[in-house]
Structure formats: structure tokens, C-alpha cells
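So you can see what is in the structure, the chains are spelled out below.
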Amino acid sequence: MGRGRAKAKQTKVARQLKYTNHNIDYDRLREELGADTPREEMYPSTASEQESERAQ
């Protein structure tokens, strides 16, 4: 016994998460995740890419 209160609380929390307006700052999130960093900083070019760039 006693499961009724626990289930009611879980239902209440689930509804709050579902229907609450979450104000997400996407720009800040992007900065934290490093999505704005250029590809060169994240993945250094390989030797074959460097050779092809020199040939041009």
C-alpha cells in the first residue's frame, strides 16, 4: 500500500515537465557545446588534405 501518493507525485512531475514552458537560451547552449567553432579547430586537417591545399 501507499503507492497512490507516489504515483500521483510522478504524474504531477511528468505533467509539469511536459507542459511547462522551458526558456532555453540556444545561443548559450551552442557556445557551451562548441557548435560555433569552425571545422578547422575541431578537426585538424590530415596530411592528404594539406597536400591538396598546397597543390592549389
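Residues numbered from 1 in each chain as written. Predicted model: local features only at pLDDT ≥ 70, side-chain atom pairs only at ≥ 80, totals over all residues. Heavy atoms only, no water.

(A) Structural context of helix α1 (residues 3–19). Here α1 is 17 residues long and its end C-alpha atoms lie 24 Å apart, about the 24 Å a rise of 1.5 Å per residue gives. Among the 17 residues that make up α1, zero are buried, leaving the element largely open to the surroundings. (Helix = DSSP H or I, 4+ residues; strand = E, 2+ residues; numbered from the N terminus. Expected span 1.5 Å × (residues − 1). Buried < 20%, exposed > 50% of the residue type's maximum accessible area, 1.4 Å probe, protein only.)

(B) Here's a closer look at the pattern of salt bridges. In this structure the tally under the stated criterion is two salt bridges. Among the salt bridges present, the one from Arg30 reaches Asp27, with a minimum N-O distance of 3.0 Å. Here Asp27 and Arg30 lie together in helix α2 (residues 26–33), a separation of three residues that amounts to about one turn. Classification of Arg30 as partly exposed rests on a relative accessible area of 36%. A salt bridge links Arg28 to Glu32, with the nearest nitrogen and oxygen atoms 3.4 Å apart. Of this pair, Arg28 and Glu32 both sit in helix α2, four residues apart, which is roughly one turn of the helix. Assessed through its relative accessible area of 52%, Arg28 is described here as exposed. (Salt bridge = Lys/Arg side-chain N within 4 Å of Asp/Glu carboxyl O.)

Remember that the coordinates give geometry; whether it matters functionally is a separate question.
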